[in-house]
Amino acid sequence: MPEAVIVSTARSPIGRAFKGSLTEVRPDDLAATIIQAAMDKVPGLSHEDIVDLHLGCGLPGGEQGFNMARVVTTLLGWETPGTTLTRYCASSLQTTRMAFHAIKAGEGDAFISAGVEMVSRYVKGSSDSLEGTMNPRFDDAQARTQEIAQSGASGWEPPTGLPDIYIPMGQTAENVALLKGVSRERQDDFAFESQQRYAAAAADGFWEREVTPVELPNGETMSVDDSPRPGTEREKLASLAPVFRPDGSVTAGNACPLNDGAAAVVITSDEKAKQLGLEPLARIVSTGVSALNPEIMGLGPVDATRQALKHAGLSIDDIDVAEINEAFAAQVIPSADELGIDFAKLNPHGGSIAVGHPFGMTGARITGTLLNGLQTLDGTFGLETMCVGGGQGMAMIIERLK
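If you're wondering where the values come from, they're calculated on a predicted model, not measured in any experiment.

Caption draft 1: The overall build of the protein, seen in detail. When its secondary structure is counted, the protein shows 13 helices and 12 strands. The globule rule puts the C-alpha radius of gyration for 402 residues at 21 Å, and the 20 Å found for the protein is close to it. Referenced to the eigenvectors of the C-alpha coordinate spread, the extents of the protein come out at roughly 60 × 50 × 45 Å. Out of the 402 residues belonging to the protein, those deemed buried represent 59%. Of the contacts made within the protein by residues no fewer than 6 positions apart, 81% connect residues no fewer than 24 positions apart. Carbon and sulfur atoms make up 50% of the accessible area of the protein, which totals about 15,900 Å².

Caption draft 2: Summary view of the pairing of strand β3 (residues 52-56). Here β3 lies mainly inside the structure; five of its five residues are buried. Side-chain alternation along β3 places Asp52, His54 and Gly56 on one buried face and Leu53 and Leu55 on a second face that is also buried. The sheet contact formed by β3 and strand β5 (residues 110-118) spans five bridges and is parallel. Note on β5: the bridge partner recorded for leucine 55 is alanine 114.

Caption draft 3: Region of interest: the nonpolar core. Among the nonpolar cores identified, the biggest contains 36 residues, and Leu22, Leu30, Ile35, Leu45, Val72 and Ile112 are the most heavily contacted of them. Elements that contribute at least two residues to this core include exactly β1 (4-11), α1 (27-40), β3, α2 (68-75), β5 and β8 (259-269). For this core, the element with the most residues is α1, which contributes eight residues. With residues up to four places along the chain from it excluded, the contact list for valine 72 reads Asp28, Ala31, Ala32, Ile35, Leu53 and Leu55. If you look at the next biggest cluster of nonpolar residues, it comprises 35 residues, including Val182, Val285, Ile319 and Ala336.

Caption draft 4: Main features of the packing of aromatic side chains. All told, the structure shown has five aromatic pairs when counted by the stated rule. Relative to tyrosine 166, the ring of phenylalanine 138 lies with its centre 5.5 Å away and its plane at 75°, an arrangement referred to as edge-to-face. Here phenylalanine 138 is found in the loop between α4 (119-125) and α5 (139-151), whereas its partner tyrosine 166 is found in the loop between α5 and α6 (169-180), with 28 residues between them in sequence. Owing to a relative accessible area of 17%, phenylalanine 138 belongs among the buried residues under this scheme. Among the residues examined, tyrosine 166 registers a relative accessible area of 29% and is labelled partly exposed. Taken together, the ring pairs in this structure connect Tyr198, Phe206 and Trp207 into an aromatic cluster. The residue whose ring lies beneath arginine 197 is phenylalanine 343, and the NZ or CZ to ring-centre distance is 4.4 Å.

Caption draft 5: Spotlight on the environment of tryptophan 156. Assignment of secondary structure puts tryptophan 156 in the loop between α5 and α6. A relative accessible area of 9% places tryptophan 156 in the buried class. For the pair formed by tryptophan 156 and isoleucine 296, sequence separation is 140 residues and the distance between their alpha carbons is 8.9 Å. Apart from residues no more than four positions distant in its own chain, tryptophan 156 is found in contact with Arg144, Asn175, Leu178, Leu179, Asn293, Glu295 and Ile296.

Caption draft 6: Inspection of the pattern of salt bridges at higher detail. On inspection of all chains with the given rule, the structure shows 19 salt bridges. Ionic pairing is found between aspartate 28 and arginine 26, a salt bridge with its closest N-O pair at 2.9 Å. Overall, the relative accessible area of 6% leaves aspartate 28 in the buried class. Through salt bridges with shared partners, one network takes in Glu24, Arg26, Asp28, Glu63 and Arg121.

Caption draft 7: Geometry of α5. Helix length check: α5 (13 residues) gives 18 Å between terminal C-alpha atoms against 18 Å at 1.5 Å per residue, within 8%. The complete set of buried residues in α5 reads Ala141, Gln142, Thr145, Ile148 and Ala149. In a view along the axis of α5, the buried residues occupy a sector of 125°, so they form one face of it. Residues of α5 that are exposed and point more than 90 degrees away from the buried face comprise Asp140, Glu147, Gln150 and Ser151. Contact partners of the buried residues in α5: α6. Within two residues after α5, glycine 152 carries a phi angle of roughly 85°, on the positive side.

Caption draft 8: Molecular detail of helix α10 (residues 300-312). When the terminal C-alpha atoms of α10 are compared, their 19 Å separation across 13 residues agrees well with the 18 Å that a helix rising 1.5 Å per residue should span. Among all positions of α10, only Gly300, Pro301, Val302, Ala304, Thr305, Ala308 and Leu309 are buried. Those residues of α10 hidden inside the fold are in contact with β9 (282-291), β10 (321-324), α11 (329-339), β11 (381-388) and β12 (392-400). Of the residues one or two after α10, glycine 313 is the one with positive phi, at around 70°.

Caption draft 9: Quick look at the side chain of threonine 305. Structurally, the position occupied by threonine 305 is in helix α10. Relative accessible area serves as the criterion here: at 0%, threonine 305 is assigned to the buried category. Here threonine 385 takes part through its side chain, which lies 3.3 Å from a polar atom of the side chain of threonine 305. Apart from the residues lying within four places of it in its own chain, the contact partners of threonine 305 are Ile316, Leu339, Leu383, Thr385 and Ala395.

Cut-offs applied
Residues numbered from 1 in each chain as written. Predicted model: local features only at pLDDT ≥ 70, side-chain atom pairs only at ≥ 80, totals over all residues. Heavy atoms only, no water. Helix = DSSP H or I, 4+ residues; strand = E, 2+ residues; numbered from the N terminus. Rg over C-alpha atoms; globule rule 2.2 N^0.38 Å. Buried < 20%, exposed > 50% of the residue type's maximum accessible area, 1.4 Å probe, protein only. Contact = heavy atoms within 4.5 Å. Areas by Shrake-Rupley, 256 points an atom, 1.4 Å probe, with all protein chains shown as cover. Pairing = 2+ DSSP bridges. Core = buried A, V, L, I, M, F, W, Y, C linked by side-chain atoms within 4.5 Å. Phe/Tyr/Trp six-rings, centres within 6.5 Å; stacked < 30°, edge-to-face > 60°. Lys NZ or Arg CZ within 6 Å of the ring centre and 35° of its normal. Salt bridge = Lys/Arg side-chain N within 4 Å of Asp/Glu carboxyl O. Expected span 1.5 Å × (residues − 1). Arc of directions from axis to C-beta. Polar contact = N/O pair within 3.5 Å; in protein donor to acceptor, adjacent residues only side chain to side chain.

What follows is the structure, encoded as structure tokens:
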């Protein structure tokens, strides 16, 4: 059976939505730029070898609509098929999983898994409206969420009826914090550490190694991420007001910001890589996907990771670097606790609280960061996992080869 191997990765710098550097860049144009950058790293591989482009996008509407993947391959001048997929925050981890499965099944030997999210452009450029699109059978659950958000709550319990499938992500973080007893202090400590780790890694050239500079419409070049706050003070984090509930613990400082960006991963079979003289960076070992109550979706990484570990025949102690997407400190902390992840191995170079979280991009971005981290720390096995809106989790384990 063929093995699926990663032969290159690329990502754009991450912009801050609405006021950052990428606000004037179209998502299809940015995705095309980054996919080409990933292909340029493996000159022995032609676009004609690519069986399919799998493009993840959390909110595929407006400029991110029209099956953007095929728009992108056409922009690149390729006669290559493409499909656009959404699994919210795990969209471009799912596209990697699709390539992994296709190669293992023998249905192709070269794929591109990519992800893009331009929150700035989706809101500004979309004529779509969510009004009237939500199933009214969830009205009672949504009213319950609103009541809790306004009045506060001392704990979270599963609802007796349907859960709130449309619940805002910040409300899920508050629920997880209450359910698992994650204090505001611990959330702020984690967020502060994320910013500090990002800054230390940046000073060592870590982030520069994985970023592809992007030329902007105004002629300037963007080469660093917008969102990190290296000068963040722990006392400042403690002074921030809760965002989602008057008596809550989730703030703008201990949650990820809204962002724009794109990333790509080129995946081939081990035989294809050998034929073309490509040196694989890593082998995809296993994946996992889980579902849980949407109102506590932040705990999604737990079961998904356990599945991936079981499929791989590994334990959490075998993992050298673990990357849990930092949607909220409130959900990363209990997920890591339940899995028994050593904090020193968890997001060792900072995470999305610092670097940012463009929904559809993040899966592919973290894959590149995980490889970068394994190379930097001379590790072998890496774990990528995240919670997913709607009550899901995804995970992937890779083995570094180079």
